[in-house]
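So the chains spell out like this:
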Amino acid sequence: MSLTPPINTPASPTPPGEAAVTEAAEDVHTAHTLADAEPPSDEEILAVEDLTVEFPTDDGAVQAVRGLSYRLRAREVLGIVGESGSGKSVSSMAIMGLLPKSARIRGSIRYRGTELLGLRPKQQRALRGRRIAMIFQDPMTSLNPVRSIGDQLAEAVLAHHLVPRRQALARAREMLDLVGIPQAEKRLRAYPHEFSGGMRQRVMIAMAIINDPDVIIADEPTTALDVTVQAQILEKLLEVKDEVNAAILMITHDLGVIAGMAHRTLVMYAGKPVEVAGTDQVFYEPRMPYTAGLLGSIPALDGDRDARLRPIGGSPPSLIQLPVGCPFSPRCPLATDECRTDEPALAEVGDGHLAACHHHERLAEAEDATAFFRTAEEGR
Ligand SMILES: Nc1ncnc2c1ncn2[C@@H]1O[C@H](COP(=O)(O)OP(=O)(O)O)[C@@H](O)[C@H]1O
Ligand code: SF4
Ligand SMILES: [Mg+2]
């Protein structure tokens, strides 16, 4: 149960009153890890189906997203991981209705059964920031430098609720408390530049949850922060998600960030999902070489902090002229002729485990799937 009373809306005419809002803010329970968090329910909140996004350019169409499907259940955290340029942000912007007009979008995105593609701008705005909220990598691009934090948070409330400004500010204060900003009352009057990077990102979390969303899309929310602050922010995000009963799409280029933070993980490569499984399965039983390569490039995973970072050799393909066959084949140590002619489909390779690879059994047989990349590197 959410301890934060939903804000009073025209549809629910009983005002909770400031006293109730303040009281709830003091009575915060703490869920620091995913294991402590409320488990996901079976209720489907978001369903993305065969989403494709193309951008026409003078050189040809950029195929940014090429058939992405996933389902997000209530309170679930789904990690979406892939190198820069794999289509993570474009696919989340499609959910938010924030892609440029030039984008050619096909497929389906349903929120609680309602199709979002093709919604009129007014309907889209009613959803954005209310039912589905987004946290971006760089808070400075989302915050207005010349307006106080309190003003901006209150405005987020007033955009969706007919409540007195005083009540919107009380809600803003409550949210700052909730995300762990000390002296919330005083901080409401401060400006973004008076906050540290970590504190600004906390403000963005407050902004995301202020209207009690069902889905929070966190797009590289901690990439700009140092490692200790990153951990604090992610922990806070998991904690507050239960306060508002939200599901999270946790988007990152860093597989290390997902460990212990997501129930399931979807790995993207060149605009497509290439592996989808429970997060532990992805870490301990990867079935797609690209995932294994990403695992091998996380430095502290095996506890050996001196181990050299092993990024996957080569670079992602051009999205205008994709290679024939598996798009990972030019970089894959397991590639065979079949890989260079036929693109593998995403198929079930285990219980709740999907992978797109012709040779997934070879990974199943290997003691350490990341070793394929080490051997390939040593052979160079
Ligand atoms: N407006 C645009 N016009 C053309 N190409 C774009 C546009 N927006 C994104 N792209 C391209 O789409 C691909 C996927 O981008 P993106 O989703 O931002 O990747 P990431 O996984 O790093 O978030 C990239 O190759 C990017 O250059
Ligand atoms: S299909 Fe072939 S090239 Fe692609 S990831 Fe699997 S083994 Fe590598
Ligand atoms: Mg991105």
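Looking up the chain in an unreviewed UniProt entry gives the name ABC transporter ATP-binding protein, with the organism given as Streptomyces chisholmiae. Reading the Subcellular location (unreviewed entry) entry of the UniProt record for the chain gives the comment "Cell membrane". UniProt, in the comment section headed Sequence similarities (unreviewed entry), describes the chain in these words: "Belongs to the ABC transporter superfamily."

Nonpolar side chains tend to gather and get buried jointly when the protein is soluble and globular. Counting 98 residues, the largest nonpolar core has Ala206, Ile209, Val215, Leu249 and Met250 as the members making the most contacts within it. For this core, the element with the highest residue contribution is helix α8 (residues 197–209), accounting for eight residues. Among residues more than four places away in sequence, those in contact with methionine 250 are Val77, Leu78, Gly79, Ala218, Ile258, Met261 and Ala262.

Turning to unusual backbone geometry, a few remarks are in order. In this model, glutamate 220 sits at a positive phi of 50 degrees, which is unusual for a non-glycine residue. If you trace the backbone, glutamate 220 turns up in the loop between β7 (215–219) and α9 (227–244). Phi angles above zero are rare outside glycine, and asparagine 245 is one such case at about 60 degrees. Position of asparagine 245 among the secondary structure elements: in the loop between α9 and β8 (247–252).

With that settled, the discussion passes to the site of ligand 1. In the region of ligand 1, 14 residues are neighbours, and Phe55, Ala64, Lys88, Ser89 and Val90 sit closest. Elements supplying a minimum of two residues to the shell around ligand 1: β1 (44–57), β2 (60–73) and α2 (88–96). For the shell around ligand 1, the leading source of residues is α2, giving three residues. Within the shell around ligand 1, the residues separate by chemical class into six nonpolar, seven polar and one charged.

Glancing now at the packing of helix α5 (residues 149–158) against helix α6 (residues 165–178). Contact geometry for α5 and α6: axes closest at 8 Å, N-to-C directions at 115 degrees. The angle between α5 and α6 places the two elements in the roughly perpendicular class. In this structure, the crossing between α5 and α6 has a hand that is right-handed. Of α6, the residues touching α5 (which contributes Gly150, Leu153, Ala154, Val157 and Leu158) are Arg165, Ala168, Leu169, Arg171, Ala172 and Met175. Classifying every residue of the contact of α5 with α6 gives eight nonpolar, one polar and two charged.

Calculation criteria
- Residues numbered from 1 in each chain as written.
- Chains lettered and ligands numbered in written order.
- Predicted model: local features only at pLDDT ≥ 70, side-chain atom pairs only at ≥ 80, totals over all residues.
- UniProt positions renumbered as here; feature names shortened; annotations may be inferred.
- Core = buried A, V, L, I, M, F, W, Y, C linked by C-beta atoms within 7 Å.
- Buried ≥ 20, exposed ≤ 12 C-beta atoms within 10 Å, placed from the backbone.
- Helix = DSSP H or I, 4+ residues; strand = E, 2+ residues; numbered from the N terminus.
- Contact = placed C-beta atoms within 7 Å.
- Near = placed C-beta within 6 Å.
- Nonpolar A, V, L, I, M, F, W, Y, C, P; charged D, E, K, R; others polar.
- Axes fitted to C-alpha atoms, helices over the stretch in contact; angles between N-to-C directions.
- Parallel < 35°, antiparallel > 145°, perpendicular 65-115°, else oblique.
- Left-handed = near helix turned anticlockwise from the far one by under 90°.

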